[in-house]
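Chain by chain, the residues:
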Protein chains: 4
Amino acid sequence: MAGSTYGKQFSIMTWGESHGAGVGVTIDGCPAGLDLTENDVQYMLNRRKPGQSAFTTPRKEDDEVEILSGVFEGKTTGTPIAMMVRNKTQRSGDYSEISQYYRPGHADFTFDEKYGFRDYRGGGRSSGRETIGRVAAGAVALKFLRRLGIKVNAYAKEIGGIGIDYQNFDMNQRDKNAFSMPDSEAAEKVKASAIKKMADGDSIGGIIECVIENIMTGVGDPVFDKLDAGLAKAMLSIGAVKGFEIGDGFEAARVTGKANNDEFFMKDGKVAKRTNHAGGVLGGISDGSDIIFRVAVKPTPSILAKQETVNKAGKNIEVSVKGRHDPMIVPRAVVVVEAMAALTLVDLIISNMGARMEKIAEFYER
Amino acid sequence: MAGSTYGKQFSIMTWGESHGAGVGVTIDGCPAGLDLTENDVQYMLNRRKPGQSAFTTPRKEDDEVEILSGVFEGKTTGTPIAMMVRNKTQRSGDYSEISQYYRPGHADFTFDEKYGFRDYRGGGRSSGRETIGRVAAGAVALKFLRRLGIKVNAYAKEIGGIGIDYQNFDMNQRDKNAFSMPDSEAAEKVKASAIKKMADGDSIGGIIECVIENIMTGVGDPVFDKLDAGLAKAMLSIGAVKGFEIGDGFEAARVTGKANNDEFFMKDGKVAKRTNHAGGVLGGISDGSDIIFRVAVKPTPSILAKQETVNKAGKNIEVSVKGRHDPMIVPRAVVVVEAMAALTLVDLIISNMGARMEKIAEFYER
Amino acid sequence: MAGSTYGKQFSIMTWGESHGAGVGVTIDGCPAGLDLTENDVQYMLNRRKPGQSAFTTPRKEDDEVEILSGVFEGKTTGTPIAMMVRNKTQRSGDYSEISQYYRPGHADFTFDEKYGFRDYRGGGRSSGRETIGRVAAGAVALKFLRRLGIKVNAYAKEIGGIGIDYQNFDMNQRDKNAFSMPDSEAAEKVKASAIKKMADGDSIGGIIECVIENIMTGVGDPVFDKLDAGLAKAMLSIGAVKGFEIGDGFEAARVTGKANNDEFFMKDGKVAKRTNHAGGVLGGISDGSDIIFRVAVKPTPSILAKQETVNKAGKNIEVSVKGRHDPMIVPRAVVVVEAMAALTLVDLIISNMGARMEKIAEFYER
Amino acid sequence: MAGSTYGKQFSIMTWGESHGAGVGVTIDGCPAGLDLTENDVQYMLNRRKPGQSAFTTPRKEDDEVEILSGVFEGKTTGTPIAMMVRNKTQRSGDYSEISQYYRPGHADFTFDEKYGFRDYRGGGRSSGRETIGRVAAGAVALKFLRRLGIKVNAYAKEIGGIGIDYQNFDMNQRDKNAFSMPDSEAAEKVKASAIKKMADGDSIGGIIECVIENIMTGVGDPVFDKLDAGLAKAMLSIGAVKGFEIGDGFEAARVTGKANNDEFFMKDGKVAKRTNHAGGVLGGISDGSDIIFRVAVKPTPSILAKQETVNKAGKNIEVSVKGRHDPMIVPRAVVVVEAMAALTLVDLIISNMGARMEKIAEFYER
């Protein structure tokens with residue numbers, strides 16, 4: 001069982017259900033001496049917070065984080081950092097209906113099969129609120145990376161089939177529209193499309209791209225703990241994600257070796273690559289280029305339109321999933337992608353410190 | 001560091017370099033009482049063995065496996081199963097040139113950056129021979145799955161842009177052509193295309209599809225250890241893999257919720273799904289449908305055509321990677337995909353036994 | 001780093017400092033369907049609570065536990081169980097002096113060496129309050145064991161050199177005296193001795209014994225994850241513990257094989273042992289006899305008597321550790337020993353379910 | 001299950017049965033650039049090798065190690081180091097009798113209970129030969145420690161009740177007698193005693209002490225991964241070990257806080273301790289003093305004297321365990337204690353590199 005634990009060195013354990021007392025996370029293995037305040041974490045939580053527009057769940061959620069341990073006088077102490085967000089609304093009366101059938105595209109059926117029953121209120125553990133723990137821990141991981149000069153940025157590359165135009169790419173636009181798109185024109189088109197889908201009681205999916213800049217070489221371990229393998233797991237562990245690709249990804253399967261290989265050359269006295277089809281990893285180890293990957297996000301499964309399903313009595317029924325649902329998951333998932341990428345990187349960066357005997361000896365000689 | 005260990009319950013540690021004494025694997029956590037002979041393992045190793053055609057490395061490799069421990073009177077004993085394949089050819093003289101520069105698309109550069117130096121003979125640890133340990137362990141995992149009635153089958157879905165036609169799909173054809181394609185016509189087209197690419201000193205990639213049949217519900221743990229997240233890591237850990245998708249994968253990002261949701265209905269008294277866009281997992285837990293996923297494999301990076309690169313002295317040079325290389329990786333990777341999928345499944349199937357208190361109590365009451 | 005995580009299947013992560021916001025624990029991997037209320041946990045926390053007598057810290061601590069997740073309608077759901085106890089007193093003003101020097105016998109110096117600084121308020125993470133997380137998680141593990149009919153009982157076997165008399169052994173007495181001794185006469189003697197030591201500004205140690213009854217055979221894994229090895233780690237991880245022995249322990253080193261071997265015989269159709277010098281394990285695996293082990297607990301290091309030490313400015317100084325301190329740790333550690341034993345057992349009991357292929361097949365065939 | 005894996009950063013997996021093809025170990029996570037030859041490993045294996053005297057098993061065992069991977073041009077490469085020792089004698093005919101009953105003091109019964117059957121030849125996996133993998137891996141860990149200036153030395157402190165006299169302590173004597181005792185007079189007394197016990201068909205136990213010198217401060221993680229907790233598990237995982245204590249151990253339970261606390265003082269500008277009752281750890285973290293611990297080893301369970309037991313048909317029988325057996329385990333276990341201590345230390349030394357953000361930043365800035 002288990003499964004709510006992630007990372008070996010910088011290890012996190014998340015907890016919480018949609019309509020329980022709250023959601024949270026504990027980090028075991030954050031190094032001492034990192035500046036950290038609740039604002040650092042709150043900033044990230046606000047980015048994933050719904051309610052900014054008609055296209056994300058409008059109910060008010062005040063996701064205020066409390067740091068419960070592991071920080072003293074503004075710095076991490078090296079001991080576990082526990083963080084919690086209380087759930088504000090715990091109305092359980094609303095869920096009598098949902099408890100009796102399996103929503104298509106949701107984990108209701110599989111939770112019942114695995115555990116014998118489930119906390120059906122608001123999706124329980126498989127609710128989107130589960131990501132709060134990831135994002136809070138990710139905020140700490142991002143501070144760690146920033147201390148080393150590494151930047152992690154994700155954004156919506158495509159929503160409902162409408163993609164950004166890299167000619168118009170402007171990262172500053174990303175947080176100015178409701179779709180986390182770094183292209184305001186594309187965002188406008190998505191808006192129009194989304195309004196139509198909502199009217200149909202339907203929903204849309206999309207693709208998130210993430211770029212990691214200024215990463216050192218050597219991160220990632222050969223064979224099973226390759227950096228890209230770690231990122232793939234991290235991404236597929238996010239609720240609605242159905243695919244992952246690094247560098248040219250699936251396109252690499254359709255070109256020749258000549259076209260796909262990145263040639264090396266000397267640049268300012270250092271080894272560099274002329275292209276980056278590989279997306280920043282060779283043999284699972286960072287090569288110093290930007291790490292670029294994409295994830296496919298399915299459309300929101302909760303839709304107003306009528307669908308067939310079965311109830312717990314074993315009858316075929318028709319349902320319409322009521323309540324206010326985001327017609328798309330992508331905009332809120334962008335910050336989760338950044339968080340999971342950061343957690344994966346930090347783990348492998350710490351792990352890499354033990355790769356060479358001479359560096360270990362130097363570390364301890366000082 | 002580390003990184004050559006995979007799995008928590010059914011845990012494996014692989015070892016070995018292309019031109020060292022041998023390659024191998026130890027399994028810690030295989031249950032006692034599973035029938036196992038060297039033939040079971042050899043069968044899988046033969047499937048990954050090159051030399052069957054002009055399109056896979058023609059040098060003779062006799063990859064004979066020896067089971068060194070953990071099996072007594074034809075059955076596993078519950079203690080570690082060590083398996084080894086001796087390397088037959090250990091000519092180190094050939095590699096003086098390759099030791100001095102970084103092959104594009106290979107891990108030469110990143111190994112040097114991480115470890116300070118590398119065993120450059122035949123690619124060392126990042127050679128394709130590294131997969132022998134995976135396949136040997138995977139053979140044992142597949143026997144485990146077969147005991148439970150679960151089937152795992154991978155095949156080439158597309159090579160060099162030429163895809164199979166599902167109208168012609170015939171799994172019996174898969175092992176009868178040099179491309180692991182379940183469509184003999186597509187295989188013929190690939191053959192023609194490959195001959196042309198080889199003449200150009202170039203190489204091609206492709207897409208492998210894997211189908212897991214007859215899996216019980218409940219396998220996979222919510223949040224970070226989702227079944228699909230585990231499969232994604234397993235697949236991206238394979239040398240040349242650049243992408244992973246489950247069910248409709250990236251296509252799911254472009255359809256609506258209505259189209260993507262799999263509706264439930266009652267079938268023979270059991271909950272079933274009308275479609276399988278999800279690829280057999282809901283919320284990261286198996287739903288009883290077939291598990292279907294695909295991986296993108298890049299073209300072989302070793303090509304005869306001239307490429308720019310740098311040498312260890314920091315000079316820009318031009319190289320042509322000599323030696324006999326497969327013009328494609330896909331056919332040999334098919335069996336590695338099956339092995340890694342099996343290892344991932346077995347681990348989660350054992351883990352799932354602890355999911356319910358009542359089942360634990362029943363287990364021990366007998 | 002890390003280190004606040006324990007267990008592989010039934011895994012816990014504890015957090016919290018003596019004078020931070022609170023202390024707590026999250027359990028990842030508790031099976032679904034176990035009856036659990038806050039009372040179950042509170043009962044154990046009350047047992048470790050000081051204030052019952054003059055011999056344990058008299059300050060009032062209301063350690064009220066809140067279960068934040070993982071329980072629905074009175075049963076565990078299989079998802080993480082987060083539990084928290086708020087700290088009532090967070091006066092940081094008292095600790096200005098203690099922040100400047102290293103208390104002998106405490107971890108002040110080693111925390112500074114490892115992390116560069118420390119949360120010095122009340123001992124921070126190395127305070128006895130750290131054990132609240134262990135005890136809360138242990139309460140859940142004990143419910144798990146009770147469901148299987150397994151009993152875990154620890155008690156003070158010896159305090160300040162005064163041992164219990166097994167002729168007077170009465171487990172009902174254990175919770176009726178301030179020393180957790182199952183012998184009221186011995187408890188009286190300890191009381192007299194303790195009063196004298198307190199007057200001297202000194203402290204005393206002791207030995208805790210733990211007996212696990214009705215355990216099934218087969219628990220524990222050969223080689224590194226032996227049941228007794230797990231218990232040894234669990235016990236030495238408790239603050240003031242300096243030694244561990246199972247069965248006859250150190251005495252076994254001084255007798256002959258003839259005297260130490262436990263002979264087998266048939267009893268009611270089952271294999272039984274005439275003696276239990278081994279303490280219930282053979283080759284690290286439970287043999288069905290009671291598991292019996294002992295731990296050595298050092299005297300409380302915080303004493304009023306003057307001691308030499310150094311301050312952060314590198315000066316030799318003399319200190320007397322003020323505040324109200326327990327003159328002995330043993331009585332409060334008894335419940336921690338039970339908790340850690342339970343956590344260790346549950347982990348190995350779940351792990352053992354994967355030991356035989358036939359049992360796995362049976363499990364899934366039903 | 002599992003259980004043959006040890007260590008998180010410097011992780012080992014051992015394998016092999018007494019009468020199978022061989023025994024061995026793979027190390028995953030040894031840093032690159034450590035000088036290593038087969039001689040380094042063979043030296044340690046020879047120290048554990050029986051046959052030097054009448055008091056250890058006289059059968060000739062040529063335990064020649066082969067390093068199969070992970071070393072290139074005399075240095076570790078950072079990839080897994082596989083090592084193997086072939087078993088010379090695999091006579092399975094001798095064991096027909098032993099297969100039918102449970103030897104007292106052995107794991108025959110518990111293996112059958114756990115796994116349903118066992119490889120009964122020579123004790124199978126629970127044979128003393130299992131320690132070869134530990135010692136081979138330990139030899140590599142000891143080279144790692146030596147590179148950092150750390151020394152690990154174990155020796156017999158007491159055998160059959162006869163202890164060494166610290167006045168006569170001479171480490172050079174340790175390897176000159178058959179008992180690994182650093183006191184030649186005590187060794188003589190043990191010899192006389194052992195001859196008598198052998199004549200009686202009986203056996204004796206003893207106590208091993210281990211001293212770790214020149215260790216840096218900061219090694220070990222608070223709470224569950226304390227250095228002493230790790231050592232305790234490591235030691236109890238060794239076959240016949242029944243107890244562990246660090247520093248004053250069980251004696252600390254019988255003295256007062258005043259007597260047990262180690263006072264700090266300034267020595268040559270550094271913080272030092274006047275005494276070392278703690279045995280080199282405070283709060284589970286190394287304090288820079290020598291680490292001193294002891295383990296209790298039970299007498300050899302295989303004895304010629306008649307004992308009661310049961311056979312697989314459920315009959316009470318009398319047996320005399322034939323074959324040549326060491327009348328004591330202690331001398332051969334000394335090197336296993338060193339190996340396990342070294343493995344535990346290396347793991348925590350690597351782990352400690354991630355304890356401070358500033359040191360991580362410095363590490364990567366260079």
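Scroll up for the structure.
Residues numbered from 1 in each chain as written. Chains lettered and ligands numbered in written order. Predicted model: local features only at pLDDT ≥ 70, side-chain atom pairs only at ≥ 80, totals over all residues. Heavy atoms only, no water.

Enquirer: It is not clear to me how the overall build of chain A should be interpreted in this structure. Could you clarify?
Expert: Broken down by element type, chain A carries eight helices and 18 strands. For 366 residues, the compact-globule estimate of 2.2 N^0.38 gives 21 Å, and the C-alpha radius of gyration of chain A, at 22 Å, lies within 12% of that figure. Taken over the C-alpha atoms alone, chain A extends approximately 65 × 50 × 35 Å along its principal axes. Counting over 366 residues, chain A shows a buried share of 67%. Surface accessibility of chain A: about 11800 Å² in total, with carbon and sulfur atoms responsible for 47%. Distance between charge centres in chain A, computed from 48 positive and 48 negative side chains, equals 3 Å. (Helix = DSSP H or I, 4+ residues; strand = E, 2+ residues; numbered from the N terminus. Rg over C-alpha atoms; globule rule 2.2 N^0.38 Å. Buried < 20%, exposed > 50% of the residue type's maximum accessible area, 1.4 Å probe, protein only. Areas by Shrake-Rupley, 256 points an atom, 1.4 Å probe, with all protein chains shown as cover. Lys, Arg positive; Asp, Glu negative; His and termini not counted. Charge placed at Lys NZ, Arg CZ, Asp CG, Glu CD.)

Enquirer: Looking at this model, I keep getting lost on the packing of aromatic side chains. Mind explaining?
Expert: Working definition: an aromatic ring pair is given by the centre-to-centre distance plus the angle between the planes. In this structure the tally under the stated criterion is 46 aromatic pairs over all chains. Consider the rings of D:Tyr102 and D:Phe109, whose centres lie 5.3 Å apart with planes at 70°: the pair is edge-to-face. Across this residue pair, the class does not change: D:Tyr102 and D:Phe109 are buried. In textbook terms, an aromatic cluster arises when at least three aromatic residues are bridged by ring pairs, as seen for A:Tyr102, A:Phe109 and B:Phe264. We note B:Arg274 situated over the ring of B:Phe265; from NZ or CZ to the ring centre the distance is 4.0 Å. (Phe/Tyr/Trp six-rings, centres within 6.5 Å; stacked < 30°, edge-to-face > 60°. Lys NZ or Arg CZ within 6 Å of the ring centre and 35° of its normal.)

Enquirer: Whenever I open this one, the interface of chain D and chain B confuses me. Can you help?
Expert: Note: interface size is frequently given as the accessible area lost on complex formation between the parts. The interface of chain D with chain B comprises 46 residues on the first partner and 45 residues on the second. For the pair chain D and chain B, the two sides together bury roughly 3400 Å², of which 66% comes from carbon and sulfur. Between chain D and chain B we count two salt bridges in total. The salt bridge involving D:Arg86 is made with B:Glu66; its shortest N-O contact spans 2.8 Å. Here chain D is connected to chain B by 14 residue pairs in polar contact (both at pLDDT 80 or more). Elements with a contribution of two residues or more to the side of chain D that touches chain B: strand E2 (11–16), strand E3 (22–28), strand E6 (75–76), strand E7 (81–86) and helix H2 (108–115) of chain D. No other element matches E2(D), which puts six residues into the side of chain D that touches chain B. (Contact = heavy atoms within 4.5 Å. Buried area = accessible area lost by both parts, 1.4 Å probe. Salt bridge = Lys/Arg side-chain N within 4 Å of Asp/Glu carboxyl O. Polar contact = N/O pair within 3.5 Å; in protein donor to acceptor, adjacent residues only side chain to side chain.)

Enquirer: Would you mind going over the packing of helix H5 (residues 227–236) of chain B against helix H7 (residues 330–351) of chain B with me for this structure?
Expert: Two measures define how a pair of helices packs: the angle their axes make with one another and the distance between the axes. Residue and element names in this part refer to chain B. Interaxial distance between H5 and H7 falls to 9 Å at its minimum, and their mutual angle equals 145°. Two packed elements cross with a definite hand, and for H5 against H7 that hand is right-handed. Across the interface between the two elements, Leu227, Gly230, Leu231, Ala234 and Met235 of H5 pack against Val337, Met340, Ala341, Thr344, Leu345 and Leu348 of H7. Considered class by class, the residues forming the contact of H5 with H7 number nine nonpolar, two polar and no charged. (Axes fitted to C-alpha atoms, helices over the stretch in contact; angles between N-to-C directions. Left-handed = near helix turned anticlockwise from the far one by under 90°. Nonpolar A, V, L, I, M, F, W, Y, C, P; charged D, E, K, R; others polar.)

Just geometry here; none of it tells us what the structure is for.
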